[in-house]
Amino acid sequence: MRASRSRPNSLIRVVALIAGLGLVLASCGQSDTASNQELAASPDTAFAWPGPLSDTGGTLTIAAPPGYAERGATKPQIDWVTPFEEATGCKVNVVTFNRAEQGIQFVKDGGYDVIGVPSEATGKLVASGSMQPINTDLLTHYGEIVPALKKAPWNTFDSVTYGVSDGRGANLLQYHSKVFRTPPKSWSVLWDPQTQYAGRISILDTPMHFADAAVYLMKSNPELGITDPYALDADQFAFVRDLVVQQKTAVGEYWADYAAQLEQFKQKNMVVGDGWQVTQNLARARDIPVAVTKPEEGTTGWSLTWMIPATAASPNCAYKWIDWVLTPETNAQLAEWVGQAPANLNACILTDDPAHCQTYKARDASFWKDVYVWRTPDTACLDGRTEVECVPYDEWNRNWYALRAAG
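All of these numbers come straight from a predicted model, not from anything done at the bench.

1. Topic: helix 11 (residues 328-338)
Note: α-helices contain 3.6 residues per turn, so residues at a spacing of three or four share the same orientation. The buried count for helix 11 comes to 10 of 11 residues, which makes it a mostly enclosed element. By the burial criterion, the buried members of helix 11 are P328, T330, N331, A332, Q333, L334, A335, E336, W337 and V338. Taken together, the buried residues of helix 11 touch helix 10 (315-326), strand 16 (341-342) and helix 12 (356-359). G339 sits one or two positions beyond helix 11 and adopts a positive phi of about 85°.

2. Re the sheet that holds strand 14 (residues 299-302)
If you trace the four strands from one edge of the open sheet to the other, you get 16-8-14-17, paired in mixed fashion. Edge positions in the sheet fall to strand 16 and strand 17 (371-373), since each has one partner strand and no second. Pairing between strand 8 (residues 167-170) and strand 14: two bridges, direction antiparallel. Its bridge partner lying in strand 14, A170 is registered against G301. Set on the sheet, helix 6 (residues 209-220) makes contact with strand 14 and strand 17; between it and strand 14 the angle comes to about 145°.

3. Focus on the packing of aromatic side chains
Per the stated rule, a full pass over the model turns up 20 aromatic pairs. Ring plane angle 70° and centroid distance 6.0 Å describe the contact between Y258 and W276, whose orientation is recorded as edge-to-face. Taken together, the positions of Y258 in helix 8 (residues 258-266) and W276 in the loop between strand 12 (272-275) and helix 9 (277-285) put the pair 18 residues apart, joining distant regions of the chain. Among the aromatic residues, ring-to-ring pairing joins F210, Y230, F237, Y254, W396 and W400 into one connected group.

4. Notes on the state of the cysteines
Here the structure, examined in full by the defined rule, presents three disulfides. Paired by a disulfide, C90 and C317 hold their sulfur atoms 2.0 Å apart. Note on the C90 and C317 pair: the S-S dihedral is about -85°, so by sign convention the disulfide is left-handed. Separated by 227 residues along the polypeptide, C90 in strand 2 (residues 90-96) and C317 in helix 10 bring together distant segments of the chain. Here C348 pairs with C357 through a disulfide, and the sulfurs are 2.0 Å apart. Measuring handedness by torsion sign, the sulfur bridge of C348 and C357 sits at about -90° and is left-handed. A single burial state applies to C348 and to C357, both of which are buried.

5. With respect to the nonpolar core
Counting residues in each nonpolar core, the largest one holds 103 residues, and the members touching the most others are L190, V272, W306, W321, I322 and W396. A total of eight residues in this core trace back to one element, the largest contributor, which is helix 10. Non-local contacts of I322, meaning those with residues more than four positions away in its chain, are made with V114, I134, L139, V164, W306 and I308. Counting 16 residues, the second-largest nonpolar core is a separate cluster that includes I104, Y112, L125 and M307.

6. Overview of helix 7 (residues 234-248)
Taking 1.5 Å per residue as the helical rise, helix 7 with its 15 residues ought to reach 21 Å, and the 21 Å between its terminal C-alpha atoms agrees with that figure. Among the residues making up helix 7, those that are buried are Q236, F237, V240, L243, V244, Q247 and K248. Buried positions in helix 7, seen along its axis, are confined to an arc of 150° and lie on one side of it. Opposite its buried face, helix 7 presents the exposed residues A234 and D235, each directed more than 90 degrees away. Considering only its buried residues, helix 7 is in contact with helix 5 (188-191), strand 10 (201-204), helix 6, strand 11 (251-255) and helix 14 (393-405).

7. A few points about the pattern of salt bridges
Under the counting rule described, the total for this entry stands at nine salt bridges. Of the charged contacts, one joins D205 and R99 as a salt bridge, the two residues approaching to 3.4 Å between their closest N and O atoms. One end of the pair, D205, is in the loop between strand 10 and helix 6; the other, R99, is in the loop between strand 2 and helix 3 (100-109), and 106 residues separate them in sequence. Taken together, the salt bridges that share partners define one network made up of R99, D205 and R404.

8. As for the sheet that holds strand 11
Read across the sheet, five strands follow the order 11-10-12-9-13 without closing on themselves; strand pairing throughout is mixed. The two strands at the open ends of the sheet, each matched to only one other strand, are strand 11 and strand 13 (290-293). Looking at each pair of strands side by side, their axes are set apart by 30° on average, direction ignored. As defined by bridge partners, strand 10 adjoins strand 12 across two bridges and the pair is classed as parallel. Bridging across to strand 12, S202 finds its partner in G273. Along the sheet, helix 9 contacts strand 9 (172-176) and strand 13; its crossing angle with strand 13, the most-contacted strand, is approximately 155°.

Thresholds applied
- Residues numbered from 1 in each chain as written.
- Predicted model: local features only at pLDDT ≥ 70, side-chain atom pairs only at ≥ 80, totals over all residues.
- Heavy atoms only, no water.
- Buried < 20%, exposed > 50% of the residue type's maximum accessible area, 1.4 Å probe, protein only.
- Helix = DSSP H or I, 4+ residues; strand = E, 2+ residues; numbered from the N terminus.
- Contact = heavy atoms within 4.5 Å.
- Pairing = 2+ DSSP bridges.
- Axes fitted to C-alpha atoms, helices over the stretch in contact; angles between N-to-C directions.
- Phe/Tyr/Trp six-rings, centres within 6.5 Å; stacked < 30°, edge-to-face > 60°.
- Disulfide = S-S within 2.5 Å.
- Core = buried A, V, L, I, M, F, W, Y, C linked by side-chain atoms within 4.5 Å.
- Expected span 1.5 Å × (residues − 1).
- Arc of directions from axis to C-beta.
- Salt bridge = Lys/Arg side-chain N within 4 Å of Asp/Glu carboxyl O.

Here's what the structure looks like:
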């Protein structure tokens, strides 16, 4: 039975960045452990766990960002962990973290059976041999997922499915609607070196902001030859980095908590930046004149992906958890709580807000065509080029934190 819920506008303060996630499940039966021992002995992730699923219970440890595995601690009505335990016999421990790099470290440390991974980190984990493929035949609700989230480039590698995404969101241009009487149409408002909004620009604190710059340059500077914001060779990345460094002089804050960001907009300390649809929803509920739009250049986006480590001790409970997240009831509750379009469109008739899926463009395929969901940059260029190497994920991180630390 679905837990009762309050309206989403009164709830949503998921402080963690969607940029950092992870999930853990531990020990769920002797047959699971035997299967896992084989994987642990040779964690080359060549084979998915064959199943079948059993009624065996056990202990499941989940590592995820706050908001993705809720058991009522934040708000009593927001609980899909307890019903899962009651339905499956798998007892859950939840461990949370805030950034993708933390999630990657959690996997290295071991002890986790299922990981909620941000889309920009999935490629790194698969390349490390840390994850096992997903046997989608064991997921009864996989067939209900929106097609664009199946075989997506952030959850499928070399045509092998390594993860299942529970939804998606877009990074939008956020503005104070009493300062901007006409909605801005372009990201140029954030990149103009002569901007009149210097000191009042608000930017999400993530290395993936380099991709935001790349999306803008794809249209404004086509001579750079950027066709994929996550496939930047050394020359392209240098141009992107220089643009971000130049922008820093005009940035008033690098935000991590959208509720705190919204307060800055309320005071007009910040008047334009990047943001999320959930921020506008909260602004509307609090009568704050803030709006969001998708600019003409397109934008970046994010998607949490549930993955199973190669050394998982409890694949039985891990698969049950992933399938639970995909049920229409749970997917509806999760989508409203974190502020995203659900993966299972059958969830759309179960959300407390009847307009949730319309607001988050869940059924609008045209909206998502130019939303470039975060991916893991690699030396092997993701755009297919072989004559050059591209700048990898670790270098994006190193450059971002060096930029943030610089005066």
